[in-house]
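Chains, contacts and geometry: an overview
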Number of protein chains: 2
Amino acid sequence: VRKIKLGFLGLGVVASGTLACLQRNREAIMRRLGCELELVRVAVRNLEAPREFSVPRDLLTRDPWEVVRDPEVDLVVELMGGTDPAKELILEAFRSGKSVVSANKEVLAKYGDELFAAVEATGAGFYFEGSVCGAIPIVRALKQSYAGDKVLELVGIVNGTTNYILTAMDEEGRSFEEALAEAQRLGYAEADPTDDIEGFDAQRKLAILADLAFATRVNLQDVFVEGIKGVQAKDLANARDFGYVLKLLAMGKATDEGLELRVHPALVEEKHPLAAVRGVHNAVFVRSEGMGEMMYYGPGAGSEPTGAIVAADILEAARNLIHEVRNATPCTCLYDLPVRPMEEISIAYYIRMVVEDRPGVLAQLADCFGRHSVSIKTVIQKAVNGSAAEIVWLTHPAKEADVQASLAELRRLPSCKSIPAALRVYG
Amino acid sequence: VRKIKLGFLGLGVVASGTLACLQRNREAIMRRLGCELELVRVAVRNLEAPREFSVPRDLLTRDPWEVVRDPEVDLVVELMGGTDPAKELILEAFRSGKSVVSANKEVLAKYGDELFAAVEATGAGFYFEGSVCGAIPIVRALKQSYAGDKVLELVGIVNGTTNYILTAMDEEGRSFEEALAEAQRLGYAEADPTDDIEGFDAQRKLAILADLAFATRVNLQDVFVEGIKGVQAKDLANARDFGYVLKLLAMGKATDEGLELRVHPALVEEKHPLAAVRGVHNAVFVRSEGMGEMMYYGPGAGSEPTGAIVAADILEAARNLIHEVRNATPCTCLYDLPVRPMEEISIAYYIRMVVEDRPGVLAQLADCFGRHSVSIKTVIQKAVNGSAAEIVWLTHPAKEADVQASLAELRRLPSCKSIPAALRVYG
């Protein structure tokens, strides 16, 4: 029985999790595959760094090109992250006819096009389940389980950091700043949390998932993005009163006018399965023509979960090498669907404003919405404080451009003191 | 480009859903596979029956053996259900070197052993995602995503009928009988609902899922089963007061003493993701060493969802035929783990009893639990009515045999008038 020889790029936490998982389940994996996996080469930045998983010193190299060019290596496992030199290394691996397993969402979201074209030309395989939503096997589900079906909508809670923050604000009434500081203390948020809280991480993941879900090439800049900075605990409490929970959602939808692709905080009905996703957990909700509504829920990050799903990719890659399957993972982008501009999408809103408390003001505000074709579903005067009143509006779905125009005009009205919250409603 | 030729056994609702799905997505499927799927033969019981999906009359036959023996057929799709003649037909298909897609849980649960041995001898493929939990791609997840990991626990809400009934009892306070009648009126329950409400359907599904999850052969009779008959709305309301929801769970767990396999109603903590699974939906919760806690949620039945997932199986089978992959779906039973007897398993209980309302009774009852090593976590006197009191106990986990012995003794005590509920707690 032949051995499948692995070359690793990177030996950080996910790589350590992967190698620990492969070692722990070595015997079962051998029996499942009918052959052995052998680690033959590992590129690291620092030969002397202390590591969670120790690898014999003579396998280590500081030159990643050695790994992708090593004729002994059957399968390259890229866990170094970033786009440079990861992208060129993956392309070189494909040129040498090697299959690649990667958990690198940056390179996928930015250069998916180029990578898929390259792998198809060589017949090698490209596996990237670990690049989105940690251990949740959503890439595999979209590629396989929906292969004979048509996905209509995909909505995910794909960023654990922001979901942790929003859950703490919702359940414990904390402020955004307190919840963020706690997430940083617990290691759920980076020292510089920009990528997570501005929604950029979710934007990258949606670009990858929408590619697969809608069989079309999605560019990162096609995805509208708005983060959770400035969200106030008060509005999460108000949302609860209306029967909603606030989540940072990554949403893709196929419509007759094209794809809708957006990441922003959104009110979700309490009975929707996504509403129950708490803390650092991730979930992806998929609605398809045939299968209806499904949800995939699990840990969205972590070295152990991501390591285990990278191990599953390695097994699938190894199985395809053993069976000599060429082009086992062809590009799934069959179409070139247009993306709808955000301004044209019809969305309901939750709007909280502080206004002057005197006769005629409500009529003036309502008239402004009306002139912009924004129709009101519910209006509640939430609190009064001296000469000011707080009003919360729930609108019916209205064109994004119309809502933004009405908000701009309202902000200029002397009777409207401020608009502390304008949050979109999902559904 | 060659065509992959399909022979169908059965043309009921799931088969119609499958064919409609394949037809609707014909162009995308051709582009994904690089070849066409063609229906060449269909066995039906009645040639003249009206059908949801119409098939040219000359493809129909009343003899299913014609389909499995037809040399033109590459892939047999068995959607007739039952074990006789389905089992022999599948075996004959394997003998002719044909791959088989099946959504037949009876034949899988009862004869999985034999079928896997037969398919392995021939190198053909065997695909059965549609046999458990409708469209939820849990078979694929267990076979692929956990291939490099170790499943520790699998807990499912795998029967939509009983979950519909329990949800109606919980949310609308209906009686079991009312909720069952409503489920029957809506087509969610059969005229004879025995299979569902006694838990036998869930038992079969757990046998199939546990096979895959724990890589061991599970026999149907190894799975302890208890249905939801006799469950009272009052106990669902009490459970809510304690922070629990009552669900019919199918539970598998790997312990050092062997596998625990059981289907019974159980109290689930409100914050557990399974607690949010309402109505006819299904969900499977999986805890593994590497990936941690994941949940797969979706429609557990229905001709459209099941048809779409059978279509996905057909695509996978076709892809393996095109790539000439032999033994693409080897048996995953690597081990022969023992199954723990139910009596030895340690389980917490919710127990409601009606007792005489006089001094000393509570002490007498508590003493009985104590003598059987059943330790009490909470006790609440829920209602008083004349000379009778109602007491609800929540126990700590205790050996099933000890709990049953204490209940038997309590039933014989004159001060204990009745024990209307003894429900197990999950976790």
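Since the model is a prediction, treat every value here as computed from it, not as a measurement.

The interface is formed by 48 residues belonging to chain A together with 48 residues belonging to chain B. Each partner contributes to the roughly 4,300 Å² buried at the junction of chain A and chain B, and carbon and sulfur atoms together form 54% of this total. Contact with chain B buries surface across chain A, with Arg 32, Tyr 297 and Leu 334 of chain A losing the most and accounting together for 15% of the total. Between Glu 171 of chain A and Lys 271 of chain B there is a salt bridge, with its nearest N and O atoms 4.0 Å apart. For the side of chain A that touches chain B, the secondary-structure elements that each account for two or more residues are α1 (13-24), α2 (26-33), α6 (138-145), β12 (292-299) and α12 (303-322) of chain A. Residue composition of the side of chain A that touches chain B, grouped by class: 26 nonpolar, eight polar and 14 charged. In this structure, β12 of chain A lies alongside strand β12 (residues 292-299) of chain B, joined through three bridges in antiparallel fashion. Opposite Tyr 297 of chain A, over in β12 of chain B, you have Met 295 of chain B as the bridge partner.

What follows deals with the pattern of salt bridges. Pairing is possible between side chains that carry opposite charge, provided their charged atoms lie close to one another. The tally for this structure, following the rule as stated, stands at 80 salt bridges over all chains. A salt bridge links Glu 153 of chain B to Arg 287 of chain B, with the shortest nitrogen-to-oxygen separation between them at 2.9 Å. One end of the pair, Glu 153 of chain B, is in strand β7 (residues 151-157); the other, Arg 287 of chain B, is in strand β11 (residues 281-288), and 134 residues separate them in sequence. Judged by its relative accessible area of 25%, Arg 287 of chain B falls in the partly exposed class. Notably, a salt bridge pairs Glu 390 of chain B with Lys 234 of chain B, separated by 3.2 Å at the nearest N-O pair. Note that Glu 390 of chain B is positioned in strand β15 (residues 388-395) and Lys 234 of chain B in helix α11 (residues 233-241), a separation of 156 residues in sequence. Judged by its relative accessible area of 8%, Glu 390 of chain B falls in the buried class. A residue is classified by how much of its surface remains accessible, and Lys 234 of chain B, at 41% relative accessible area, is partly exposed. Linked through salt bridges whose partners overlap, the residues forming this network are Glu 129, Arg 140, Asp 313 and Glu 316 of chain A.

Time to look at the relation of the copies chain A and chain B. Relative to chain B, chain A is turned by 180 degrees and slid 0.0 Å along the rotation axis, the superposed coordinates differing by an RMSD of 0.0 Å. Taken together, the rotation angle and the small translation identify this as a two-fold axis. When each C-alpha of chain A is compared by its distance to the rotation axis, Tyr 296 of chain A comes out closest, at 2.4 Å. The share of interface residues of chain A whose copies in chain B are also at the interface is 100%, consistent with both copies meeting through the same surface.

Our next topic: the pairing of β15 of chain B. Residues and elements named next belong to chain B. Within β15, eight of the eight residues are buried, which leaves the element mostly enclosed by the surrounding structure. Residues Ala 388, Glu 390, Val 392 and Leu 394 line one face of β15 and the alternating positions Ala 389, Ile 391, Trp 393 and Thr 395 line the opposite face, and both faces are buried. Judged from the seven bridges that link them, strand β13 (residues 346-356) and β15 form a sheet pairing that is antiparallel. The partner of Arg 352 across the bridge, within β15, is Val 392.

Strand-to-strand pairing in sheets goes through backbone hydrogen bonds, with the strands running parallel or antiparallel. Residue and element names in this part refer to chain B. If you trace the six strands from one edge of the open sheet to the other, you get β3-β2-β1-β4-β5-β6, paired in parallel fashion. Of all strands in the sheet, those bounded by a partner on one side alone are β3 (60-61) and β6 (126-127). The pairing of strand β4 (residues 75-78) with strand β5 (residues 99-102) spans four bridges and is classified as parallel. Bridging from a neighbouring strand, Val 76 pairs with Val 100 of β5.

Glancing now at the packing of aromatic side chains. Residue and element names in this part refer to chain A. Under the defined criterion, the tally for this structure stands at 15 aromatic pairs over all chains. Ring centres of Phe 94 and Phe 126 lie 5.3 Å apart, and the angle between their planes is 80 degrees; this geometry places the pair in the edge-to-face category. Of this pair, Phe 94 sits in helix α4 (residues 86-95) while Phe 126 sits in strand β6 (residues 126-127), and the two are 32 residues apart along the sequence. Assessed through its relative accessible area of 0%, Phe 94 is described here as buried. By relative accessible area, Phe 126 is classed as buried at 1%. Ring centres 6.4 Å apart and planes at 80 degrees place the aromatic pair Phe 242 and Tyr 350 in the edge-to-face group. In this pair, Phe 242 sits in the loop between α11 (233-241) and β9 (244-255) while Tyr 350 sits in strand β13 (residues 346-356), placing the two residues 108 residues apart along the sequence.

Residue and element names in this part refer to chain A. Sheet architecture is open: six strands sit in the order β3-β2-β1-β4-β5-β6, paired in parallel fashion. At either margin of the open sheet sits one strand with a lone partner, and together these are β3 (60-61) and β6. Taken together, the seven bridges between strand β1 (residues 3-9) and strand β2 (residues 36-43) define a ladder with parallel strand orientation. From the neighbouring strand, Leu 6 faces β2, where its bridge partner is Leu 39.

The subject of this paragraph is the confidence of the model for chain A. Reading fine detail from the predicted coordinates is not recommended where pLDDT is low. Residue-level pLDDT values for chain A average 94, and 100% of them are 70 or greater. Interface confidence for the predicted complex, expressed as ipTM, amounts to 0.92; the pTM equals 0.94.

Residue and element names in this part refer to chain B. Residue position: Val 310 is located in helix α12 (residues 303-322). Overall, Val 310 belongs to the buried group, its relative accessible area being 0%. In sequence terms Val 310 and Asp 201 are 109 residues apart; their C-alpha atoms lie 19 Å from each other. Among all residues touching Val 310, those that are not within four sequence positions of it are Val 14, Thr 18, Val 77, Leu 79, Val 101, Ala 103 and Gly 130.

With that out of the way, let us pick up the packing of helix α4 (residues 86-95) of chain B against helix α5 (residues 105-122) of chain B. Residue and element names in this part refer to chain B. Viewed as axis vectors pointing N to C, α4 and α5 meet at an angle of 10 degrees, and their least axial separation amounts to 9 Å. Judged by the angle between their axes, α4 and α5 are roughly parallel. On α5, the residues that touch Lys 87, Ile 90, Leu 91, Phe 94 and Arg 95 of α4 are Val 107, Tyr 111, Glu 114, Leu 115, Ala 118, Val 119 and Thr 122. A breakdown of the residues in the contact of α4 with α5 according to their chemical character gives eight nonpolar, one polar and three charged.

Rules behind the numbers
Residues numbered from 1 in each chain as written. Chains lettered and ligands numbered in written order. Predicted model: local features only at pLDDT ≥ 70, side-chain atom pairs only at ≥ 80, totals over all residues. Heavy atoms only, no water. Contact = heavy atoms within 4.5 Å. Buried area = accessible area lost by both parts, 1.4 Å probe. Salt bridge = Lys/Arg side-chain N within 4 Å of Asp/Glu carboxyl O. Helix = DSSP H or I, 4+ residues; strand = E, 2+ residues; numbered from the N terminus. Nonpolar A, V, L, I, M, F, W, Y, C, P; charged D, E, K, R; others polar. Pairing = 2+ DSSP bridges. Buried < 20%, exposed > 50% of the residue type's maximum accessible area, 1.4 Å probe, protein only. Least-squares fit on C-alpha atoms with pLDDT ≥ 70 in both. Phe/Tyr/Trp six-rings, centres within 6.5 Å; stacked < 30°, edge-to-face > 60°. pLDDT = per-residue confidence, 0-100. Axes fitted to C-alpha atoms, helices over the stretch in contact; angles between N-to-C directions. Parallel < 35°, antiparallel > 145°, perpendicular 65-115°, else oblique.

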